[in-house]
Each structure stands twice: as structure tokens, then as C-alpha cells.
Amino acid sequence: MSEHDANARFLRESIVEPETIARARAHAVELGASPISAVVGSQIAVLAAAGAARSIVEIGTGAGVSGLWLLRGAPTAVLTSIDNEPEHLAAARQAFADAKVPATRARFIAGRAIDVLPRMNEASYDIVFVDADPENVIEYVSHGLRLARTGGLVLVPRILAGGRVADPVQRDDITSAYRSLVQETQESSAVLATVSPAGEGLLQLIRLDDRA
């Protein structure tokens, strides 16, 4: 086993997922959703806690898994969850109810994110979590940076695309979009960017002050 594989296995086995999130994950898998891993979930919980997030948007519910991780780190935040799959939204509602998340801390919007995001208030959110329709990831991140306040975070899981992003031979549209997103944000003066390779990978962008 390589060092990389040993590290990945250790991280997977060391994360203790709360029971409510584990149940939400099991239901998500039954529905055919692809929830984020516990490794990435623990990272976004820490980021939400470190930033004392109060207002969060997630694009793609993961049937409740990602939202529960975010609210675990930000217990006073209000989460807006957008999804085009009614079944996934219903599962997220149930997962939040099972976890005793107050109804006032979550709102659910059914619809295509590409249609919903332009209508949302800019510079109003502490975290924008992007986990839907990878073919539209660049447009979603662009909207996310508009919605995030100065100093706010835009988070993109699965950014390594199962190792394809690191392989220059892989040039399909989705892999190329992820690769371009990593490269362009590293070079941008509008954001501070880094990538965590843990789990399926997590791109982390902090929106900088436009006036700087």
C-alpha cells in the first residue's frame, strides 16, 4: 500500500460520523444520491465553525448529508438548500427533522440552481457550497462568489474528479472544467484559493475585498 493510500484509509477510518448524518447517508445512497464523504463533511464543518457562519447556501442537498455537516459546525446558521430533485429535498427535510434541526434554520428551494441563483442576494452569505451538476460547476462558482460576502467561502467538493484532474491525458468536459477551475482560481486576485486532497478533494475559495 502506498503512503497516499495509507493516509486516505487512515482518514476514512478515523472520522466518526454522527448517527443522524450516518442515517441520512444510508437513505441518500438508497435514493441514488451521491453524498459527500465523512472526510469532506468533517472539513466543511470545521470551516463553518471557524468562520462562525450564520448564512449558508448549498447547491445540491446530498439528501441532507452536506447540510447536516455544515450545521454541525455552525449551530446558529440558517441554511438554504437548492435541489432540482424533489425526492432529494424530501429526504433532506426528513434528515433535518430527525436531527432535530429547527424549521427556522433551514429553507428548501426546489428548482434548477442555474435559474435560482441569479435571483439571490449578492454578498449575503458566509458559505456557498457547490455540489451539483458538475457540467455547470464554473457557472455555479461564479454565482457563488457573487453571493458570498467579502471574506466568505465558496466550497467545491469532488474537485479532483477521482484522480482524473491530475492526469493530463483526461480531457473530458467535466474533468477539464474542474482542472480549469483549480488553475484559474489559483491565479485570481479576487480570491484566496487552496485545495485539500483529503477524501474526494475540496476546493476552498475565500472572496477577497473587491476594493483591495
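For the structure, see preceding data.
Residues numbered from 1 in each chain as written. Predicted model: local features only at pLDDT ≥ 70, side-chain atom pairs only at ≥ 80, totals over all residues. Heavy atoms only, no water.

Student: Break down the overall build of the protein for me, with residues and values.
Tutor: Of regular secondary structure, the protein possesses eight helices and seven strands. For the protein, whose C-alpha radius of gyration is 16 Å, the value lies close to the compact-globule estimate of 17 Å for 212 residues. Referenced to the eigenvectors of the C-alpha coordinate spread, the extents of the protein come out at roughly 50 × 45 × 30 Å. Across the protein, every contact between residues at least 6 apart in sequence was considered, and the portion connecting residues at least 24 apart equals 66%. When the accessible surface of the protein is split by element, carbon and sulfur atoms take 52% of a total near 10600 Å². Of the side-chain charges in the protein, 20 are positive and 26 negative, and the distance between the mean point of each set is 6 Å. (Helix = DSSP H or I, 4+ residues; strand = E, 2+ residues; numbered from the N terminus. Rg over C-alpha atoms; globule rule 2.2 N^0.38 Å. Contact = heavy atoms within 4.5 Å. Areas by Shrake-Rupley, 256 points an atom, 1.4 Å probe, with all protein chains shown as cover. Lys, Arg positive; Asp, Glu negative; His and termini not counted. Charge placed at Lys NZ, Arg CZ, Asp CG, Glu CD.)

Student: Tell me about helix H8 (residues 173-187), and please be specific about residues and values.
Tutor: Relative to the 21 Å expected for 15 residues at 1.5 Å per residue, H8 spans 21 Å between its end C-alpha atoms, a close match to the ideal helical length. Those residues of H8 that are buried lie in contact with helix H7 (137-147), strand S5 (148-157), strand S6 (191-196) and strand S7 (202-207). (Expected span 1.5 Å × (residues − 1).)

Student: Residue-level account of the environment of glutamine 204, with values.
Tutor: Summarising the element assignment, glutamine 204 is placed in strand S7. Residue classification places glutamine 204 among the buried positions, given a relative accessible area of 15%. As a C-alpha pair, glutamine 204 and glycine 152 span 52 residues in sequence and 10 Å in three-dimensional space. Not counting residues up to four positions away in its chain, the partners in contact with glutamine 204 are Gln43, Leu47, Val154, Leu155, Leu192, Ala193, Thr194 and Ser196. (Buried < 20%, exposed > 50% of the residue type's maximum accessible area, 1.4 Å probe, protein only.)

Student: Before we move on, can you summarise the sheet that holds strand S2 (residues 78-83) with the specific residues and values?
Tutor: Strand order across the open sheet formed by seven strands is S3-S2-S1-S4-S5-S7-S6, with mixed pairing between neighbours. Edge positions in the sheet fall to strand S3 (106-110) and S6, since each of these pairs with one other strand and no more. Within the sheet, the average angular offset between the axes of one strand and its neighbour, ignoring direction, is 15°. For S6 and S7, the ladder comprises six bridges, and the chain directions are antiparallel. Bridge pairing in S7 links threonine 194 to glutamine 204. Along the sheet, helix H3 (residues 38-50) contacts strand S4 (125-130), S5, S6 and S7; its crossing angle with S7, the most-contacted strand, is approximately 15°. Its contacts with the sheet put helix H5 (residues 86-98) on S2 and S3, and the angle it makes with S3 is roughly 170°. (Pairing = 2+ DSSP bridges. Axes fitted to C-alpha atoms, helices over the stretch in contact; angles between N-to-C directions.)

Student: So what's going on with H7? Which residues, and what values?
Tutor: What H7 keeps buried is the set Val137, Tyr140, Val141, His143, Gly144 and Leu147. Buried residues along H7 cover an arc of 160° about the axis, so they all sit on one side. (Arc of directions from axis to C-beta.)

Student: So, the side chain of threonine 61: which residues are in play, and what are the values?
Tutor: Here threonine 61 is to be found in the loop between strand S1 (55-59) and helix H4 (65-73). Here alanine 63 takes part through its backbone nitrogen, which lies 2.9 Å from a polar atom of the side chain of threonine 61. Sequence-distant contacts of threonine 61, defined by excluding residues within four places in its chain, comprise Ser66, Ser81, Ile82, Asp83, His88, Leu89 and Ala92. (Polar contact = N/O pair within 3.5 Å; in protein donor to acceptor, adjacent residues only side chain to side chain.)

Student: Hey, could you go over the environment of proline 18 for me, with residue numbers and the actual values?
Tutor: Take proline 18: it is sitting in the loop between helix H1 (3-14) and helix H2 (19-31). For proline 18, a relative accessible area of 18% corresponds to the buried category. Separated by 161 residues in the primary sequence, proline 18 and arginine 179 place their C-alpha atoms 33 Å from one another. With residues up to four places along the chain from it excluded, the contact list for proline 18 reads Trp69 and Arg72.

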